[in-house]
Every structure is written in structure tokens, then in C-alpha cells.
Amino acid sequence: MHTYNPISALLVFFSIGALLYFLFRPSKGWYWILKNQLTSNEKTIIEDVLKQLYHFENSNNKVDMKTLVHMLSFSNKKIVDAINIMTVNNLIYFESDILKLTEKGREYALRIVRVHRLWERYLAEKTGFHKIEWHDRAESMEHRLNHDEVEELSRHLGHPKFDPHGDPIPTKTGKMAQVKGVELPLLQVGAMGRITHIEDEPEVIYKQILAENIHIGSLIKVVENNVTRIVFLSEGEEFKLAPIVAANLTVAPLEKEILVEDNVTRLSSLTENETAKIIGISRESRGESRRRLLDLGFVKGAQVSIDLVNPLGEPNAYLIKGTSIALRNDQAAKILIKKD
Amino acid sequence: MKQNNIDHIIELSNELRWQIGDEFHDNLTESIYADAADIVKDTVRSKDSERRFRLDAKIDKIVTSKRFGFPIMFLILGTVLWLTIQGANYPSSLLANLLLDIIHPALKSGAAGLGMPWWLDGFLIDGVYLAVAWVIAVMLPPMAIFFPMFTLLEDFGYLPRVAFNLDALFNKSGAHGKQALTMSMGFGCNAAGVVATRIIDSPRERLIAILTNNFSLCNGRWPTQILIATIFIGAVVPKSLSSFVSLLAVIGVAVLGMVFMFGVSWGLSKTVLKGEVSTFNLELPPYRPPRFWKTIYTSLIDRTLIVLWRAIVFAAPAGAVIWLISNIHIGNESIAAWAIHSMDGFGFLLGLNGVILLAYIVAIPANEIVIPTILMLTVLVTGVGVGEGAGVMFELDSINATADVLKAGGWTLLTAINLMLFSLLHNPCSTTIYTIYKETNSVKWTVVASVMPVILGFIVTFLVAQLWRLMF
């Protein structure tokens, strides 16, 4: 051990540590980047181009080569190669500078959209990944599933109509439900509606919406709408959003005849010595957790009150059907109640 | 034609189901639940206030209050641990006396009387028998005290309140409040702690609890910690303080284990376990007087004896291996000596030595035999004149004599501190590993649970050793 000295040992240790960090750190690690480079083949690029064109055409925007290259994170050469192959295979055509989808291309694109949304639905219902990750995970999965696997997935999920953000999932035959509603900033003050869609792109805005704890399927009432901010009430709480953020929420205005339960609030807002009646469970609570809540007796019409307040703030224990059940605040926020 | 018809009907049903929409299914189930609740309300009669006894509510208010909740919790856990460690001393030494000092020599002389060859009686009696006897003597009494006490608390209904109080802390690291219970159970025995994770019904949180249970210092490791702390750490302070300081050191290691448990839970839930389904709920059952004798009986049979049996099954071959490596020679060195010398360099880097590393390898079946193995191996390589011969594990009655053997083996304060750290941060014993496999049914998670703590142990002891050498 004549060459040993603690400092050099520590140096070796930390350089190995740093190397491992740079290789394997989440998403930016060299190993992952390299792996992505190697696996992002022609098929991936073609499918991504198709999807972009599909979304642009749906929103009546026109795309030329320049925008496309800008939108996608592949090298220029790879994209040009892919475009050539797609033209040869009759998936797209040029109208002067503008790229357009052929009928066949449109069908293909729709299939990709179907896989993407089905996979998001799967992630939401059957896994514990956070909402923020659904999009990216679906983005890489959509290139991997073949036709039979997609059918199996759809069957497994009970042929769902919408993805967890409220986007319609195309059927096998390309049929798609309509999203009802308009962008939130278009509603007048005093208007009421139900949130039917929350856009998950761009991520920056989506994160803000998530941080606000806004739930899909909630009833809202607009109380202020101007160029600087939009304020609305929902489930007993007040939300303030910038118009650019609010534009990512789609709200279906309510028809007058529908009887609206008013004074609906979230179970998390219940305080000691109050009792309430359960109205239902928000659509935000999905899959296993939703079933568990129902099993425990959090069903429409049940009486609920606070049994014990937690010394650390959460979870609080709720008395339901004679049993004391502790729930965390984020769970309680998804149970809708009407206070007595 | 017929097949065609069926296909058509299926197609149609899919189409109709799609038209009905997503919420139909949910609404249907929910209205069934609601109807069921209504029917129950109308037909089932119950004495309304039965559950919320005044006494029940009062106890709950106290044990979950801001002021008393936490002190009561620590007091109870502390008492249980203290009773276990202190209370186990006497029966343990009684058992050790019987199994090691009376039966072992009797077996040896019996074997000699039968004319057994030395290698057979060494292999069977010094190897297999001794390891099994050791595990029983050290393991049985604390478990027989700890498990019944724990089960009584569980039966009374107090433990769910602990989970309730602590959930917010565990939530921050992505875990479930009930992990507080499996962790406490781990202080008794990690294998039992892993089995206890069945109370956590959320898949992700359960896996976290299983993978981090090893960071609870178990019964097999408390004696090691106490012995080493008394010899080395108690010695650096004045006599009057020494027992207090060594106790503090042991508690410090246990608390460090909890810190690692929280840290690793957090890391796991943010990385490899991110995608597992997570649900939370915690039922607070009414209190009830524990059924004393039934509890004692079931906790002895279900927990203590099962764990003990598994430990014996694994300890027997370990005893054989320990005896064999010390008695089979390659060239003019025994396998043990050869292994020790080849690991000395790595051991030095970690502030440990080859003897300790080898002892931890051969003593994977039970932490209880680590110290006897270390003593035997130290004598084997240093040739200090105590002990009973190659491959025969022993412990010394006086702490001073033990200290002399270890110091002859080149131990310093650094070795002692790092041994304490490594005793906390190393692979679970084979009983626990086997239990983890049984509970998770997955080779992958079993490997993660076994390898991750060793790597952490290497990193921590390495860093401590380098910093120590830089400072002193």
C-alpha cells in the first residue's frame, strides 16, 4: 500500500462518481442520449413528422420544411431523407412549399395519435407515474406498439373514448368523439361550465395548471375575465389564471335546464365539527385509488365528518359509515361534498 | 355464417359501448355502491355510538395530539426496545451456557468416545452444531420478548395511530405511514419486518418498505453495536461517562439507519419505483383489550418460531463453511487465511480489514455469529493464544479479553466506528433475503434489496476512513 494516500483515493472515488452521474443522470445522461440516438430510426422520424402535420392541419396551420425542421429534434439530413421516403410511399405531397397529408398519410397519423392517447390513458389508470410524465412516456411508446398490441391495450382499457386530458381517442376505424366546449377565456363573466379538456403542451403551462390543482370534470363559474387575468370558482375554491394559461383549458358551457348542485366543495376543506354529504368522486381520481375510495364507503349520499386532526397537518381521519379512515389531502381534494 | 354473425354482434356491442362513453361504467358502479349504502341504511340497525366510545375518542385525542402524540410514541418504542435488549440478556446467557458450555463439550467427548475422525466431529459439532446453537442462544430470547410486546400493541389498536401520526414524514419520502410499523418491527427482526409489510396495500409503498427494512438495526446487530461501542467508543471518554457515551453511539447508529431509510425511500420512489401504482388509505380501528394469551401464543408460533426455523436452516451450512474454510489448507495457508490476506487491501481502503469482510461474507445467514466469527478468524491469523482452535467460533466472557484480541488484530477506533457503520449498512441476512424473495416473488427486487445496502456501506465506510485519515 505504498502508493496509498487518502486524497488520491478520494479523488478517484469522486471522479468515478461524477462519471457515473454524467452517464446515467435522468434524461440528460450520455448513456440515455446515445441510446436514443441509436434507436431513433427512420420509422420514428416518419411517424413524428406525420403526427406534427396532422396536428397542424387540424388547427388549420400550414407547414413548410423550415418549420418542420424547427419543430423536430432530429438532424436536417435525417428529416429530409424521411420526407423523401414519405413522398415516394404516397404518405405526403407538396403543394408548392407546403407539406400536406395524403389520405393514406392521414390514416397513419391517426393511428399514431390513437396509440399515444391510449397509452396516456393506460399510464393514468394502471400505473403510478406522475401526470407530468405521461406525455413523454407516451411519446416514446407510440412508436413501439404494433397493431395487435394496440387492440389488446384498447380492449384492456375498455375501449375508452377520451384520454386523461380530455382529448378524444380515435377508434380502430378512425372515428373520434368531439370535445365539447370552448377555451376558457371566451366565457363571459357569470357563465358556468364543466372543464372537458386540459391541454398538456407546452409543458411550462401544463405545470402551472397542475400546480393550481385544477381537476378535469369540475364545474366552474367565471367571476372575472379581462386581459390580465381570469378568475373562476370551482368546488369551493377560487382560481386565478393568466389568459395564456386559461386558454389551455376547454370548458363546456352548461345548458340552462341542467340542475346544478351548488355549494359543492372538496372534502379537504371540511373542518372539525362540520358534517357533510358526499356528492361524488372527481374524475381526477382514477383506477385503483378510485375503487379503493368506493370500497371504503366514500359513495354518493354518505355522511362524513372529521374524526381526528393530524398533528402534522395530514392525513386527517374522516368518520365514514362508523369507521375512521385517514386520507391524505390530495385524495380528500378529489372527493366532492356538500356541507350540511 | 354463424361466426360472421357473432363477429357482427361483438362489433356492434363495441360500437354501442363506445357511444355510451367513458363515464357510463363509473356511474354505474358508483350508483350500485350508493344503492347498496341506501339499502344498508334502511335495513341494518346498529347501536349508533358503539364505535365512538367516549373513552376511545379520548385516547385518540391524546395519542394523536400535537403535544403528547410524539413523546408517547418514542417512550413506548424506547421501552419495548430497552425491555427486549435488557430482558434478553439473562435467558440468552442461560441458553448460551447450556448449549455452548455444557452440551458442546459433552458432544465433543461423546464423539471422541465413539472414535469419530477429527474432521467429522469438527465439521458436525464445531461447525454445524455450534453455529445453530449460537443462533438459537442469541436470537430466540430477544425475539420471544419483542414480538409478543409488539403484537400486544398491535392488537390493542395503538400501532395504526403511530402510522397516522407519522404519515406526513413518510409521505415526503414517497412512502406510507404504515412503514413506521414495519420499520419498528425491523428493530426486532428484518425478516419479520418484511413479512409485516403485508399491511401496506399500495404496491409501490409496500416495495419501498421491503427494500428499506434492512436499515432498521435488528436484534442480531444490537449486541454487536453495544459490544464494539463499549470497547472502543466508551474508552475514549472518562470512565464516568463511558457507558452513557457508548449508549449514545449505538442510538446514533440506529438513528442514522432511519435517516438512510428515509433517504433511500425517497430515492427509490423518485427513480426505479416511479411507475408502480400508489394508493393510500389508513383505517383507524377501534381500541380493544388485547387477548393476552392468544397474542402471546400466536406471536411465538407465527413470528418467532418461523423466523427462528429459517435462521437455523441457513445457519447450519454457514457453520459448516466457517469450519471448512479454516481447516482446509491450500499450500500452507488455510482458505480463510488466504481469503483474509487477499481482502486486506480492500478492507484497509474501507477502514476495516480482511477478517471483518470475510466474517460478513460467511456470516450472511445470521448477524448473530459475526462477532464470534471475527474473534475466531482474528485468532487464526494473529495466533493470539485464546480460543478453541481453527474453525471453532467463540466469545469471551470478559469485555477486556475481547478488546485484547481485537487490538491484537490491529483494530483502532476507526475500525470500530466503521464496523458499527458496516454492521448497519450491509446486505440483509439470508433469512431476510429469502423472505424478500418470498414476499416480492421477484429476483430483481431481491437483488436490489441485497446489493444496495452493501454498496451504501462501502461508500460510507470508505468516505469515513479517508476523512479520518486526513484529520488524524
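Residues numbered from 1 in each chain as written. Chains lettered and ligands numbered in written order. Predicted model: local features only at pLDDT ≥ 70, side-chain atom pairs only at ≥ 80, totals over all residues. Heavy atoms only, no water.

**A look at the overall build of chain A**
Moving on, step 1. Along chain A, the regular secondary structure elements total 12 helices and 14 strands.
Moving on, step 2. Overall, chain A is about 75 × 65 × 45 Å in size when its C-alpha atoms are taken along their principal axes.
Moving on, step 3. Each of the 340 residues in chain A was classed as buried or not, and the buried ones make up 46%.
Moving on, step 4. Considering only contacts in chain A between residues 6 or more positions apart, those separated by 24 or more positions represent 62%.
Moving on, step 5. Accessible surface computed for chain A: about 17,900 Å², of which carbon and sulfur atoms make up 55%.
Moving on, step 6. If you average the places of the 44 positive and of the 45 negative side-chain charges in chain A, the two averages end up 2 Å apart. (Helix = DSSP H or I, 4+ residues; strand = E, 2+ residues; numbered from the N terminus. Buried < 20%, exposed > 50% of the residue type's maximum accessible area, 1.4 Å probe, protein only. Contact = heavy atoms within 4.5 Å. Areas by Shrake-Rupley, 256 points an atom, 1.4 Å probe, with all protein chains shown as cover. Lys, Arg positive; Asp, Glu negative; His and termini not counted. Charge placed at Lys NZ, Arg CZ, Asp CG, Glu CD.)

**What to know about the side chain of His176(B)**
Moving on, step 1. For His176(B), the position within the fold is in the loop between α6 (159-172) and α7 (179-188).
Moving on, step 2. Within the structure, His176(B) has its side chain in polar contact with the backbone nitrogen of Lys178(B) (distance 3.0 Å).
Moving on, step 3. What His176(B) contacts, discounting residues up to four positions off in sequence, is Arg328(A), Asp167(B), Phe170(B), Ile200(B), Glu205(B), Thr279(B), Phe280(B) and Asn281(B). (Polar contact = N/O pair within 3.5 Å; in protein donor to acceptor, adjacent residues only side chain to side chain.)

**Let's talk about the nonpolar core**
Moving on, step 1. Core analysis: the biggest nonpolar cluster contains 117 residues, and Ile228(B), Leu358(B) and Ile374(B) have the highest contact counts within it.
Moving on, step 2. For this core, the element with the most residues is helix α5 (residues 118-156) of chain B, which contributes 15 residues.
Moving on, step 3. Excluding its chain neighbours within four sequence positions, the residues that come into contact with Ile374(B) are Val355(B), Ile356(B), Ala359(B), Leu406(B), Trp411(B) and Leu419(B).
Moving on, step 4. With 24 residues, the next largest nonpolar core counts Ile45(A), Val63(A), Leu110(A) and Ile112(A) among its residues. (Core = buried A, V, L, I, M, F, W, Y, C linked by side-chain atoms within 4.5 Å.)

**Quick look at the sheet that holds strand β12 (residues 316-320) of chain A**
Two orientations exist for strands paired in a sheet by backbone hydrogen bonds: parallel and antiparallel.
Moving on, step 1. Taken in spatial order, the seven strands line up as β9(A)-β14(A)-β10(A)-β11(A)-β12(A)-β13(A)-β1(B) in an open sheet, and their pairing is antiparallel. Two strands lie at the open edges of the sheet, namely β9 (264-266) of chain A together with β1 (282-284) of chain B, each paired on one side alone. For this sheet, the mean inter-axis angle between neighbouring strands, taken without regard to orientation, is 45°.
Moving on, step 2. As judged from the five bridges shared by β12(A) and strand β13 (residues 323-327) of chain A, these two strands associate in the antiparallel manner. For Ile320(A), the partnering residue across the bridge sits in β13(A) and is Thr323(A).
Moving on, step 3. Along the sheet face, α6(B) touches β11 (303-308), β12 and β13 of chain A together with β1 of chain B and points at about 130° away from the line of β1(B). (Pairing = 2+ DSSP bridges. Axes fitted to C-alpha atoms, helices over the stretch in contact; angles between N-to-C directions.)

**Re unusual backbone geometry**
Residues and elements named next belong to chain A.
Moving on, step 1. Going from Glu314 to Pro315, the amide bond is cis rather than trans, its omega being -5°.
Moving on, step 2. Position of Pro315 among the secondary structure elements: in the loop between β11 and β12.
Moving on, step 3. Positive phi is not limited to glycine here, since Asn213 has a value of about 65°.
Moving on, step 4. Structurally, the position occupied by Asn213 is in the loop between α9 (203-211) and β5 (219-225).
Moving on, step 5. The exposure class assigned to Asn213 is partly exposed, which follows from its relative accessible area of 38%.

**Let's talk about the confidence of the model for chain B**
Residue and element names in this part refer to chain B.
Moving on, step 1. Overall, the predicted model of chain B reaches an average pLDDT of 85, with 96% of residues at or above 70.
Moving on, step 2. When mean pLDDT is compared element by element in chain B, helix α17 (residues 413-424) scores highest at 92, while helix α3 (residues 54-63) scores lowest at 79.
Moving on, step 3. Under the prediction, the complex receives an ipTM of 0.77, its pTM being 0.83. (pLDDT = per-residue confidence, 0-100.)

**Brief notes about the UniProt feature "domain: Ferrous iron transporter FeoA-like" (unreviewed entry) in chain A**
Moving on, step 1. Here the UniProt feature "domain: Ferrous iron transporter FeoA-like" (unreviewed entry) sits at residues 182-253 and 265-339 of chain A.
Moving on, step 2. Counted over residues 265-339 of chain A, helix gives 19% and strand 40%. Its end C-alpha atoms are 8 Å apart. (UniProt positions renumbered as here; feature names shortened; annotations may be inferred.)

**Some thoughts on the UniProt feature "transmembrane region" (unreviewed entry) in chain A**
Moving on, step 1. Those residues carrying the UniProt feature "transmembrane region" (unreviewed entry) are residues 6-24 of chain A in this numbering.
Moving on, step 2. Helix and strand shares over residues 6-24 of chain A are 100% and 0% respectively, and the end C-alpha atoms of the span are 27 Å apart.

**Some points on the packing of aromatic side chains**
Moving on, step 1. In total, this model carries 21 aromatic pairs over all chains according to the counting rule given.
Moving on, step 2. Here the aromatic rings of Phe13(A) and Phe462(B) are separated by 5.0 Å at their centres, their planes lie at 40°, and the arrangement is tilted. Taken together, the residues Phe13(A) in helix α1 (residues 6-24) and Phe462(B) in helix α19 (residues 443-471) connect one chain to another.
Moving on, step 3. Phe13(A) sits in the partly exposed class, given a relative accessible area of 24%.
Moving on, step 4. Ring centres 5.3 Å apart and planes at 25° place the aromatic pair Phe232(A) and Phe239(A) in the stacked group.
Moving on, step 5. In this structure an aromatic cluster arises from ring pairing among Phe346(B), Tyr360(B), Phe422(B) and Phe458(B). (Phe/Tyr/Trp six-rings, centres within 6.5 Å; stacked < 30°, edge-to-face > 60°.)

**Here we look at helix α8 (residues 147-156) of chain A**
All names here are of chain A.
Moving on, step 1. Taken together, the buried positions of α8 are occupied by Val150, Glu151, Leu153 and Ser154. What you see down the axis of α8 is that its buried residues fit within an arc of 160°, all on one side. Looking at α8, the residues exposed on the side facing more than 90 degrees away from the buried face are Asp148 and Arg155.
Moving on, step 2. At the N-terminal boundary of α8, the capping side chain belongs to Asn146, with an oxygen 3.1 Å from the backbone nitrogen of Asp148. (Arc of directions from axis to C-beta.)

**Structural notes on the interface of chain B and chain A**
Moving on, step 1. Each partner contributes to the interface: chain B provides 53 residues, whereas chain A provides 56 residues.
Moving on, step 2. When chain B packs against chain A, the two sides together hide about 4,700 Å² of surface, and 60% of this comes from carbon and sulfur.
Moving on, step 3. Viewed at the interface, chain A and chain B are joined by three salt bridges.
Moving on, step 4. Across the salt bridge formed by Arg328(A) and Asp167(B), the nearest N and O atoms sit 2.8 Å from each other.
Moving on, step 5. Our enumeration of links across chain B and chain A arrives at 10 residue pairs in polar contact (both at pLDDT 80 or more).
Moving on, step 6. Secondary-structure elements contributing two or more residues to the side of chain B that touches chain A are α1 (2-20), α2 (23-43), α3, α6, β1, α13 (335-349) and α19 of chain B.
Moving on, step 7. Broken down by element, the side of chain B that touches chain A gets its largest block of residues, seven residues, from α19(B).
Moving on, step 8. Its residues placed into classes, the side of chain B that touches chain A shows 21 nonpolar, 14 polar and 18 charged.
Moving on, step 9. Inspection of the sheet shows β13(A) paired to β1(B) by three bridges, in the antiparallel sense. (Buried area = accessible area lost by both parts, 1.4 Å probe. Salt bridge = Lys/Arg side-chain N within 4 Å of Asp/Glu carboxyl O. Nonpolar A, V, L, I, M, F, W, Y, C, P; charged D, E, K, R; others polar.)

**As for the packing of helix α6 (residues 103-126) of chain A against helix α7 (residues 131-141) of chain A**
Residues and elements named next belong to chain A.
Moving on, step 1. In contact at an axis separation of 9 Å, α6 and α7 are set at 130° when each is read in the N-to-C sense. Between α6 and α7, the crossing angle belongs to the class labelled oblique. Crossing hand, α6 versus α7: right-handed. On the side of α6, the interface is formed by Val115, His116, Trp119, Glu120, Leu123 and Ala124, while α7 contributes Trp134, His135, Arg137, Ala138, Glu139 and Met141.
Moving on, step 2. Of the residues that constitute the contact of α6 with α7, the class distribution is seven nonpolar, two polar and three charged. (Parallel < 35°, antiparallel > 145°, perpendicular 65-115°, else oblique. Left-handed = near helix turned anticlockwise from the far one by under 90°.)

**Topic: empty space enclosed by the protein**
Moving on, step 1. Scanning the entire structure with this criterion turns up two cavities of 30 Å³ or more.
Moving on, step 2. Secondary-structure elements contributing two or more residues to the lining of the largest cavity are α8 (190-196) and α18 (430-440) of chain B.
Moving on, step 3. Residues that form the lining of the largest cavity fall into these classes: eight nonpolar, seven polar and one charged.
Moving on, step 4. By volume, the second largest cavity is sized at about 60 Å³.
Moving on, step 5. Lining the second largest cavity, in full, are Lys131(A), Trp134(A), Pro164(A), His165(A), Ile198(A), Tyr206(A), Leu210(A), Ile214(A), Glu284(A) and Arg286(A).
Moving on, step 6. Of all elements in the fold, only α7 and α9 of chain A reach the threshold of two or more residues within the lining of the second largest cavity. (1 Å grid on protein atoms, 1.4 Å probe; cavity = no way out; pocket = protein on both sides within 12 Å on 5 of 7 lines; lining within 4 Å. Points joined across faces, edges and corners; volume = space filled by probe spheres on them.)

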